Amino acid sequence: MTKNVRVRFAPSPTGPLHIGGVRTALFNYLFAKKHNGTFVLRIEDTDQNRYVEGAEEYIINALNWCNIPYDEGPGKNEKFGPYRQSERKDLYKAYAEELIATNNAYYAFDTAEALDLHRKEHEQNGKTFIYNWHNRLKLTNSLSLTPEEVQEKLAAGEDYVIRFKSPQDETLHLKDMVRGHIKIDTNILDDKVLFKSDGMPTYHLANIVDDHLMEISHVIRGEEWLPSLALHYQLYQAFGWEAPEFAHLPLILKPTGKGKLSKRDGDKLGFPVFPLEWIDPKTNDVSRGYKEDGYFADAVINFLAFLGWNPGTEQELFSVDELVDAFDIARVNKAGARFDPDKIKWFNHHYMQEQNNDELAETFKAQQKELNDIDVNYVAMVVNLIKERATFVSDLWDLSHFFFEAPKTYDEKAYKKAIKDDTKALLEELTTVINTVEDVTTETLQNAIKGWITAKEIGFGKVMMPLRLALVGALQGPDVFDIMFMIGKQESIKRIENLAATI
Ligand code: GLU
């Protein structure tokens, strides 16, 4: 890459960041880091009607939690700032006027009612109304009116918009890093609104002006923006600016593979579609987040990297740094990527194993009130023994409660299976065997008990099953001798006596 790579993530703060938005941010981040470039965050808040309180803060928190922080943006390295379009609003009008002066744009005074009428009339005739070369001279704008009429309307403060004058009979040749060469006939394009008389630019104008002023080299964004590419190309041409390169990322599909994953799918299908929990400021409705549901950021990122990209090898597990190394925009697919909530659990299970036991123990302790008075080192040792069976920290208690408290009940089926006529006598003898062990370790306990079983020719199941039931309350859990070592000799004996007393 010869040019200085500068990419941007440009969300509109209209609500919480959807998981698809995080994927867009991630691919921008990976591309920037891969090419020693800069990852910019720009807040596109020109549509004040859709502005949602707290959304910008949410976006920033989400990027930070995912470990893909921006290099430049609100409050950080503001050399191309401000990075909120609402704070840049005074600069856009001059650009819109420049396009009028160069005959690439025009004032349009058509009222909403008049346009509605045109739309309805076209519909009745089975046609679609498009404001463009085809009919613009029949409408109320600075191309159809005299310069005096235009001045009069402007002076009278009439509402207007500034529209782009899309050319007739031209073929545009667009390039996309994912989709290759795209050919567009300009006759099908409409004259998009660039600026409104309320003083605000539309997305298209603000986006192009800012990408230019912020020296963005590559625009990486979702496929839903592909239809805007033709206009954006033409805007660069009209301004005489060099266009950045574009990459449109594939859609993220529902788990069935049919249709786009929407913000509402999370509630419907039972998995989060947001990185962090979101509480709607108006309704107080809560939407689940991956973080609060117990996912590790590394798992979420690893999973998202594979939504539309693959490294071309069998390797599936990648840290963020490894992703940076492996990432190649040429390997981004065109086809939609199916969102598989089971796969993200699979990643979480893997990252659970990678976590440091002391840190997991702290989190586990904080979540489980029964652990309040338990030494964190003990909790960490327990975590080490059971985490291979856990996907979430919230799984740990069910897998480990017997390390902290004696069983209060016994699983009915397990009880029937483990308790035979001679069990009571065997358990009593077992307690004496355990009592003889002096230097208690997993091995000494195992040697003593197994030695006794072998010498007496009892059969392992006859002892090991009731022993496990006594310690755990069920026929589950990690190695029996590990459990005994952890809870100690006296507690083990007590639990065996408890079970024996029920027979
Ligand atoms: N503000 C647009 C959005 O919300 C940005 C699109 C783009 O990246 O050009 O997705």
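Values in this document were obtained by computation on a predicted structure and should not be read as measured data.

*Asks:* When you look at the packing of helix α1 (residues 19-34) against helix α9 (residues 297-305) in this model, what are you seeing that I'm missing?
*Replies:* The contact between α1 and α9 brings their axes to 10 Å, and the two run at 80 degrees. One element, α1, and the other, α9, form an angle in the roughly perpendicular class. Seen from α1, the contacting residues are Ile19, Val22, Arg23, Leu26 and Phe27; seen from α9, they are Val300, Ile301, Leu304 and Ala305. Taken together, the residues of the contact of α1 with α9 break down into 8 nonpolar, no polar and 1 charged.

*Asks:* What exactly am I supposed to notice about the packing of helix α16 (residues 423-436) against helix α20 (residues 489-502) here?
*Replies:* Between two packed helices, both the angle of their axes relative to each other and the distance between the axes serve to describe the pair. Closest axis-to-axis distance for the α16/α20 pair is 9 Å, and the angle between their directions is 170 degrees. Relative to α20, the element α16 lies roughly antiparallel. Contacts between α16 and α20 involve Lys424, Leu427, Leu430, Thr431, Ile434 and Asn435 from the former and Lys489, Gln490, Ile493, Ile496, Glu497, Leu499, Ala500 and Ala501 from the latter. For the contact of α16 with α20, the per-class residue count stands at 8 nonpolar, 3 polar and 3 charged.

*Asks:* Can you walk me through the site of the ligand in this structure?
*Replies:* Taken together, Arg8, Ala10, Ser12, Glu44, Tyr203, Asn207, Arg221 and Trp225 make up all the residues around the ligand. Residue Glu44 places a side-chain N or O atom 2.6 Å away from a nitrogen atom belonging to the ligand. One of the side-chain N or O atoms of Arg221 is found 2.9 Å from an oxygen atom in the ligand. Here the ligand has 300 Å² of accessible area as a free molecule, and 84% of this is covered by the chains.

*Asks:* Explain the UniProt feature "binding site: ATP" (unreviewed entry) in the chain to me, please; I cannot follow it from the model alone.
*Replies:* Residues annotated in UniProt with the feature "binding site: ATP" (unreviewed entry) correspond here to Lys263. Checked against the element boundaries, Lys263 lands in the loop between β10 (252-253) and α8 (265-269). When its relative accessible area of 39% is taken as the criterion, Lys263 is described as partly exposed. Excluding residues that lie within four positions of it along the chain, Lys263 makes contacts with Pro16, His18, Val273 and Phe274. Among the polar contacts listed, one links the side chain of Lys263 to the backbone oxygen of Pro16, at a separation of 3.3 Å.

*Asks:* Could you clarify how one ought to interpret the sheet that holds strand β3 (residues 105-108) in this entry?
*Replies:* In a beta sheet, neighbouring strands are held together by backbone hydrogen bonds and run either parallel or antiparallel to one another. Within the open sheet, the 3 strands sit side by side as β3-β4-β7. Their pairing is antiparallel. If you trace the sheet from one side to the other, it starts and ends with β3 and β7 (193-196), each paired once. Across the sheet, the mean angle separating the axes of adjacent strands is 25 degrees when strand polarity is ignored. Pairing analysis gives 3 bridges linking strand β4 (residues 161-164) to β7, with the strands arranged antiparallel. Residue pairing for β7: Arg163 is matched across the bridge by Val193.

*Asks:* Can you walk me through the environment of Leu399 in this structure?
*Replies:* Among the secondary structure elements, Leu399 is positioned in helix α14 (residues 396-400). Each C-alpha atom, one on Leu399 and one on Ser217, is 51 Å from the other, the two residues being 182 residues apart in sequence. The residues contacting Leu399, other than those within four sequence positions of it, are Ile386, Arg389 and Ala390.

*Asks:* Hey, could you run me through the packing of aromatic side chains in this one?
*Replies:* Centre-to-centre distance and the angle between the planes together describe a pair of aromatic rings. For the structure on display, the rule yields 28 aromatic pairs. When the centroid spacing of 5.4 Å and the interplanar angle of 90 degrees are considered together, the rings of Tyr58 and Trp278 count as edge-to-face. Linking Tyr58 in helix α2 (residues 55-65) with Trp278 in strand β11 (residues 278-279), this pair joins segments that are 220 residues apart in sequence. Of the two residues, Tyr58 and Trp278, both sit in the buried class. Residues Phe306 and Phe347 carry aromatic rings whose centres are separated by 6.5 Å and whose planes lie at 35 degrees to one another, so their mutual orientation is tilted. Taken as a pair, Phe306 in the loop between α9 and α10 (320-326) and Phe347 in helix α11 (residues 341-354) lie far apart in primary sequence, 41 residues in all. By relative accessible area, which is 23% here, Phe306 ends up partly exposed. According to the relative accessible area criterion, Phe347 is buried, its value standing at 1%. Among the aromatic side chains, those forming a connected cluster through ring pairs are Phe27, Phe306, Trp309, Phe318, Phe327, Trp346 and Phe347. A cation over an aromatic ring shows up here: Arg163 above the ring of Tyr131, its NZ or CZ 3.8 Å from the ring centre.

*Asks:* How should I be thinking about the pairing of strand β2 (residues 38-41) in this particular structure?
*Replies:* Side-chain positions along a regular strand alternate between the two faces of the sheet. Residues Thr38 and Val40 of β2 are buried on one face, and the alternating residues Phe39 and Leu41, pointing to the opposite face, are buried as well. With 4 bridges joining them, strand β1 (residues 6-9) and β2 adopt parallel strand pairing. In the strand pairing of β2, Val7 is matched with Phe39. At this point the chain moves from β1, through α1, to the parallel β2, and the crossover so formed is right-handed.

*Asks:* When you look at α16 in this model, what are you seeing that I'm missing?
*Replies:* Along an α-helix, residues three or four positions apart point the same way, because every turn accommodates 3.6 residues. The end-to-end C-alpha separation of α16 is 20 Å, in line with the 20 Å expected for 14 residues at 1.5 Å each. Where α16 is concerned, the buried positions are Thr423, Leu426, Leu427, Leu430, Thr431, Val433 and Ile434. Buried residues along α16 cover an arc of 165 degrees about the axis, so they all sit on one side. Against α15 (412-418), α17 (442-456), α18 (460-472), α19 (480-487) and α20 lie the buried residues of α16.

*Asks:* Looking at this structure, how should I read the pattern of salt bridges?
*Replies:* A side chain of one charge can pair with a side chain of the opposite charge when the charged atoms of the two come close. Evaluation of the coordinates by the stated rule reveals 27 salt bridges. With its nearest N and O atoms 2.9 Å apart, the salt bridge here joins Asp211 to Arg8. One end of the pair, Asp211, is in helix α6 (residues 203-213); the other, Arg8, is in strand β1, and 203 residues separate them in sequence. The exposure classification of Asp211 matches that of Arg8, with both residues buried. Two residues, Lys462 and Asp422, come together in a salt bridge whose shortest N-O distance is 2.5 Å. In this pair, Lys462 sits in helix α18 while Asp422 sits in the loop between α15 and α16, placing the two residues 40 residues apart along the sequence. Several salt bridges converge on common partners, so that one network encompasses Arg8, Arg42, Glu44, Arg88, Asp210 and Asp211.

*Asks:* Looking at this structure, how should I read the side chain of Asp191?
*Replies:* The residue Asp191 is located in the loop between β6 (180-185) and β7 in this model. Under the relative-accessibility criterion, Asp191 is labelled buried at 0%. Within the structure, the side chain of Asp191 is placed 2.7 Å from the side chain of Arg136, a separation counted as a polar contact. With near-sequence residues (within four places) excluded, Asp191 lies in contact with Tyr106, Tyr131, Asn132, Trp133, Arg136, Arg163, Phe164, Lys165 and Ser166.

Procedures and definitions
Residues numbered from 1 in each chain as written. Predicted model: local features only at pLDDT ≥ 70, side-chain atom pairs only at ≥ 80, totals over all residues. Heavy atoms only, no water. Axes fitted to C-alpha atoms, helices over the stretch in contact; angles between N-to-C directions. Helix = DSSP H or I, 4+ residues; strand = E, 2+ residues; numbered from the N terminus. Parallel < 35°, antiparallel > 145°, perpendicular 65-115°, else oblique. Contact = heavy atoms within 4.5 Å. Nonpolar A, V, L, I, M, F, W, Y, C, P; charged D, E, K, R; others polar. Near = heavy atom within 4 Å. Polar contact = N/O pair within 3.5 Å; in protein donor to acceptor, adjacent residues only side chain to side chain. Areas by Shrake-Rupley, 256 points an atom, 1.4 Å probe, with all protein chains shown as cover. UniProt positions renumbered as here; feature names shortened; annotations may be inferred. Buried < 20%, exposed > 50% of the residue type's maximum accessible area, 1.4 Å probe, protein only. Pairing = 2+ DSSP bridges. Phe/Tyr/Trp six-rings, centres within 6.5 Å; stacked < 30°, edge-to-face > 60°. Lys NZ or Arg CZ within 6 Å of the ring centre and 35° of its normal. Right-handed = clockwise from strand over helix to strand, strands pointing away. Expected span 1.5 Å × (residues − 1). Arc of directions from axis to C-beta. Salt bridge = Lys/Arg side-chain N within 4 Å of Asp/Glu carboxyl O.

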